[in-house]
Amino acid sequence: MRSAQVAIGERRVSTGPDGRFVLTDIGPDQTQLHVTAPGLAERYLPIRPCGPDSLRLFVRLAARAPELEQVVVTATEIARSAEGSSVSRIGRDAIEHVQASSLADLLQLVPGQAAVNPTLAGARQALLRQAPTANSRDPGPGAEAERANALGTSVVLDGVPVSNNANLQTTLTILNSGPNTLPQFSSTAGRGLDLRQIPADQIESVEVVRGVPSARHGDLTAGAILVTSRAGAQAPEFRVRANPQTLEASTVAGWGRATRDGLSFDANVVSSQDDPRSTLDRFTRYTTQLAFTHERPRVGASVRLRGFGVVDESRQDPDDRRYQRRVTSRDQGARMDLRLRLGARTGWVTELTASGNLATQQSTYQELITRDIFPLSAARIDTLAPGVYGRSEYLAQLTVDGNPRNGYARLETRRSRSWRGTRNDPVFGLELRLDENAGAGRLFNPIEPPRQNYGVGDRPQSFDQIPAQTQLAAYAEHRVRALVLGHAVDASAGVRLDAIDPSVSGSAHGAQVVPRLSLSTTITRHVSWRVSHGTTTKAPTLSQLYPLPRYFDLTSFNYYAANPAERLVLFTTRAVNVQPQALRSARATKSETGIDWQAGRSSGTVAVFREQTRGAFGTSRVPIGIAVPQFSAASFPVGRPPVLNTVPIRVDSFVGLYDVPRNSRDIATTGAEFTADSPEWKRLRTQFSVSGAWFRTVARDDDVDIPVEQFISGSVQPARVGVYAGGRGIESERALTSVRLVHRAPTLGLVVSLLWQTTWHEDDRPVGRTDGVPVGYVDRSGRITTLTVEQATSPAFAALVRTVTPLEGRWERRPPLHLLNLRLTKTLPGRTQVALFANNALADRPLYQRQRQIGFERRNQPAFFGLEFLAALPILP
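This structure is a prediction, so every number in the text was calculated from the model and none was measured.

> Just to check I follow, could you spell out the nonpolar core for this structure?
Side chains of nonpolar character tend, in soluble globular proteins, to be buried together. Grouped together as the largest cluster of nonpolar side chains are 25 residues, with contacts concentrated most on I90, L103, L106, I203, V206 and V227. When sequence neighbours within four positions are dropped, the list of residues in contact with I90 reads A75, I95, L106, L109, E204, S205 and V206. Among the nonpolar cores identified, the runner-up in size contains 12 residues, and Y365, L398, F463 and L548 belong to it.

In structure tokens:
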């Protein structure tokens, strides 16, 4: 008989040959038993500490989860978590029941998250504890607030953070677009991780930390998603999943004596189309993992080798001869994780975690460009030099080639000791992160460049000149658990020091000291109260620290003769090396309090919180004045270019625009979350659970507002443009509840769940719209002049006063919206299983008429369905 693993919190033992186990020294806050065994479904059992008395339990395991008397297919809140804050756990049974294709699909089980279809069209990113702010079609502070949330969400895979800091797959802003516009191809550079890269079939469990995390976790502001992959002994299985957009296949097998001990292998392949009627847009992903784990009471080790590949493409339409557009993004790489654990007789446990990741990223964009004869320059410094004439029609092909490399190492020592009824858990650790990119960079033919704004040049650029980013951190935390006056008290205090690019003289971008505190205590036998407060920071990425240079190519003389030998174009080139001024880490302050209760099989949580992120990363468009001398020809010799006069006939002023990353965004969220789970109704074999959240988010841009586009738009270019006070942004609110009914029939191997999700309100409005009076102006030389209130309201500057209408600040107040989703899982003979789902089963997709803009928006996700088949073999010897 193979042994099972029994765990309470971080304490873990293995059963003997007869299935018996003994756990001693159980703390007063440990109320859940976790049992796993090779080839069998895991079980969670609530327990009640009984002081010095012994507690006898009989645990029954089954081959498949639907055959168990109790199976959890929703997220569960972890009371008095070691993270000291709100934590939702999603187990393997819930992952299978959701029929998720990626990690992104699992987040809908977290309180306050909207249910979504398991689509793989477009990058999928996290949005934790924040109301949607980009639903107003505003590419400004609203969109950047969601990107900042995703960037500030740390995804930790098997104890190792997955870094996106070295992603440089971006390009210059395309023609006539805003500073926050994404590139033409799929990319998450400067944003959070694309969650589509992590397949759900390779995940054993997920913990979503939404409030104040432990001091171990750094480089985050929004929260952490802790992912544990499948490893160790497990029954070989083959799974096929299909829906109108996606076809997915995966396999897993493991050999060993326990679920976390042995050798395992898994693989996953998925192909998805945005539209089943079109084969041009396609997403393909393949991943594989080989894992070895060895766990003993005092010694533990694990090695994981991962390989992955992702292709997100929009192929050229054979009938598209006018534009010939083709877009492709390819990511592939390998990662190795190593973990060693050694326990000493003194009780101290030392653990070393190390990881290395090597990847190649290649993004391509192709477009047929038709324009007038266009002069081009290849100069890379400030100069006055001749240029060349490009063709009026050409096939522009841009490739962004990146080779991100990520390294991670953590050395941690900890101890758990009880003395006179008090448990002390001190933890000390050092952490090192390294991110660099050695890719070839932006590649294209200089005389056939991508489409660009007038006066803005473009050059091929390599990434090998961008310095690597090093983050060094030290942390310490002490957790104390004890009985005080008959109440179980759990207190934790931690501090973390983060330094970016440290050196002997200090940190290049500043060092951050971030404290974190948490306290929880039982109020009654079934009710406990908790409170936490702390600070977190997120370092800027390489794309934000080291933007590529910008070039301005302005014509000083242009003579296009019929004879190519007589042509001449002279450029004034200005190269701008963008240097973000004192770019530092974004800093978030988090406060939370809540109540947890558990009575028998009934449980629930209520939490209220406030989070504020200051100095979040945004992009501001700034002006630069350029003097452009204009020359005249002294003579036009035959067969040669014109001879120019040495003295210019005049000097024109040109205002160029370029984008600069800045710590200018402020995001504040206030909210409440709740969950409630009822015991099973025995006669109906049905369990009821409800969760929900209310979020109110205000996202602002603290930078001044300069509508510099006025300098290059319109037939008449102004001599000056107004500068307006900062603080513009968006305020958004959302209240959402999810009611789930879960019906179990163990004898039939059947689990059916019904989700009724209601979005009670989803409102937003612009904020920070001033009275339109400028606080200054910028002239055509790029110089900013400050104005007093008297000057700004005087007739001399009346043309700079903007008209602000009441319509601009109007609320979009959407009515309640309902969604019904149905899921079914059924075991079949021969260790097989079938599952199906129907999302938006009533196909309810109402129209909402916008209040600030003309038009309608379609609400609710489309009706969607899917089928999954699982075949498992008996566990191998």
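> Would you explain the sheet that holds strand β44 (residues 776-779) in this entry?
Hydrogen bonds between backbone groups are what pair the strands of a sheet, and the pairing can be parallel or antiparallel. Strand order in this open sheet of three strands is β41-β44-β45, and the pairing throughout is antiparallel. The strands lining the two open edges of the sheet, one partner per strand, are β41 (720-723) and β45 (784-786). Taking the axes of each pair of neighbouring strands and ignoring which way they run, one obtains an average angle of 30° across the sheet. Direction of pairing for β41 relative to β44: antiparallel, over a ladder of four bridges. The partner of G722 across the bridge, within β44, is Y777.

> Honestly, a nonpolar patch on the surface in this entry has me stumped. Any pointers?
On the surface, W255, L263, F265, L290, F292, L305 and M336 cluster together into a nonpolar patch covering about 610 Å² of accessible area. Mapped by element, the contributors of at least two residues to the nonpolar patch are β13 (261-273) and β14 (281-295). Following the sequence through the fold, L305 ends up in strand β15 (residues 299-314).

> Can you walk me through the sheet that holds strand β34 (residues 568-576) in this structure?
Ordered by their spatial adjacency, four strands build an open sheet running β19-β34-β33-β26, and the pairing between neighbours is antiparallel. A single partner strand is all that each edge strand has here, and the edge strands are β19 (383-386) and β26 (456-457). Bridge count for β26 against strand β33 (residues 550-559) is two bridges, and the pairing is antiparallel. Within β33, the position partnered with V456 by the bridge is F552.

> How should I be thinking about the pattern of salt bridges in this particular structure?
Any two side chains of opposite charge can pair if their charged atoms end up close together. Evaluated as defined, the whole model comprises 66 salt bridges. Taking the shortest distance from any N to any O, the salt bridge between D219 and R433 comes out at 4.0 Å. With D219 in the loop between β9 (203-209) and β10 (223-229) and R433 in strand β24 (residues 422-437), this residue pair connects regions lying 214 residues apart in the sequence. Taking relative accessible area as the criterion, D219 reaches 10% and is therefore assigned buried. The closest approach of N and O atoms between E733 and R696, which form a salt bridge, is 4.0 Å. Taken as a pair, E733 in strand β42 (residues 728-745) and R696 in strand β40 (residues 686-701) lie far apart in primary sequence, 37 residues in all. The class for R696 is partly exposed, based on a relative accessible area of 30%. Via salt bridges that share partners, R92, E96, D201, R230, E237, R239, R241, E248, R285 and E868 belong to a single interconnected network.

> Would you mind showing me how to read the side chain of R414 here?
Within the fold, R414 resides in strand β22 (residues 404-415). There is a polar contact of 3.4 Å between the side chain of R414 and the side chain of E351. Side chain to side chain, R414 and E412 meet in a polar contact 3.1 Å long. Not counting residues within four places of it along the chain, the set of residues in contact with R414 comprises R216, R341, G347, W348, V349, E351, P426 and V427.

> Please clarify how the environment of R479 should be interpreted in this entry.
Looking at the secondary structure, you find R479 in strand β27 (residues 469-484). Exposure remark for R479: the relative accessible area of 12% places this residue in the buried category. As a C-alpha pair, R479 and S518 span 39 residues in sequence and 9.2 Å in three-dimensional space.

> Looking at this model, I keep getting lost on the layout of surface pockets. Mind explaining?
Its volume calculated, the second largest pocket comes out at about 1600 Å³. Every residue lining the second largest pocket is counted, 46 residues in all, and those nearest its centre are A114, V116, P132, E146 and R734. Looking at the lining of the second largest pocket, the elements that each hand over two or more residues are α3 (141-151), β42, β43 (750-767), β47 (817-828) and β50 (856-858). Partitioning the lining of the second largest pocket into residue classes produces 18 nonpolar, 14 polar and 14 charged.

> Can you help me understand the packing of aromatic side chains in this one?
For any pair of aromatic rings, geometry is given as the distance between the ring centres together with the angle between the planes. Under the defined criterion, the tally for this structure stands at six aromatic pairs. Taken together, a centroid distance of 5.0 Å and an interplanar angle of 75° make the contact between Y389 and Y560 edge-to-face. Residue Y389 is located in strand β20 (residues 388-389), and its partner Y560 is located in the loop between β33 and β34; the two are separated by 171 residues in the primary sequence. For Y560, a relative accessible area of 43% gives the class partly exposed. In this structure, R371 is placed above the aromatic ring of F374, and the distance from its NZ or CZ to the ring centre is 3.9 Å. A cation over a ring is seen here: R802 above Y724, with NZ or CZ 3.8 Å from the ring centre.

> Where do I start with empty space enclosed by the protein in this structure?
Rolled over the atoms, a probe sized like a water molecule indicates the empty space that remains. Under the defined criterion, the tally for this structure stands at 17 cavities of 30 Å³ or more. There is about 710 Å³ of room inside the second largest cavity. Counting residues per element, the ones that place at least two in the lining of the second largest cavity are α3, α4 (542-545), β36 (602-630) and β39 (650-677). Sorting elements by how many residues they give to the lining of the second largest cavity places α3 first, with four residues.

> Please clarify how the environment of R516 should be interpreted in this entry.
Among the secondary structure elements, R516 is positioned in strand β31 (residues 511-522). R516 gets classed as buried once you look at its relative accessible area, which sits at 3%. The spacing of R516 and V495 is 21 residues in sequence and 6.0 Å in space, taken between C-alpha atoms. Here H217 takes part through its backbone oxygen, which lies 2.7 Å from a polar atom of the side chain of R516.

> Help me understand the pairing of β31 in this model?
The pairing of strand β28 (residues 487-500) with β31 spans 11 bridges and is antiparallel. Across the sheet, residue S492 finds its bridge partner in β31, namely S518. The pairing of β31 with strand β32 (residues 527-538) spans seven bridges and is antiparallel. When the sheet's bridge partners are listed, L519 is paired in β32 with V531. From the end of β31 to the start of β32, which pair antiparallel, there are four residues.

Procedures and definitions
- Residues numbered from 1 in each chain as written.
- Predicted model: local features only at pLDDT ≥ 70, side-chain atom pairs only at ≥ 80, totals over all residues.
- Heavy atoms only, no water.
- Core = buried A, V, L, I, M, F, W, Y, C linked by side-chain atoms within 4.5 Å.
- Buried < 20%, exposed > 50% of the residue type's maximum accessible area, 1.4 Å probe, protein only.
- Contact = heavy atoms within 4.5 Å.
- Pairing = 2+ DSSP bridges.
- Helix = DSSP H or I, 4+ residues; strand = E, 2+ residues; numbered from the N terminus.
- Axes fitted to C-alpha atoms, helices over the stretch in contact; angles between N-to-C directions.
- Patch = residues over 30% accessible without salt bridge, like charges linked within 9 Å, V, L, I, M, F, W, Y side chains within 5 Å.
- Areas by Shrake-Rupley, 256 points an atom, 1.4 Å probe, with all protein chains shown as cover.
- Salt bridge = Lys/Arg side-chain N within 4 Å of Asp/Glu carboxyl O.
- Polar contact = N/O pair within 3.5 Å; in protein donor to acceptor, adjacent residues only side chain to side chain.
- 1 Å grid on protein atoms, 1.4 Å probe; cavity = no way out; pocket = protein on both sides within 12 Å on 5 of 7 lines; lining within 4 Å.
- Points joined across faces, edges and corners; volume = space filled by probe spheres on them.
- Nonpolar A, V, L, I, M, F, W, Y, C, P; charged D, E, K, R; others polar.
- Phe/Tyr/Trp six-rings, centres within 6.5 Å; stacked < 30°, edge-to-face > 60°.
- Lys NZ or Arg CZ within 6 Å of the ring centre and 35° of its normal.

None of this, on its own, says anything about what the molecule does.
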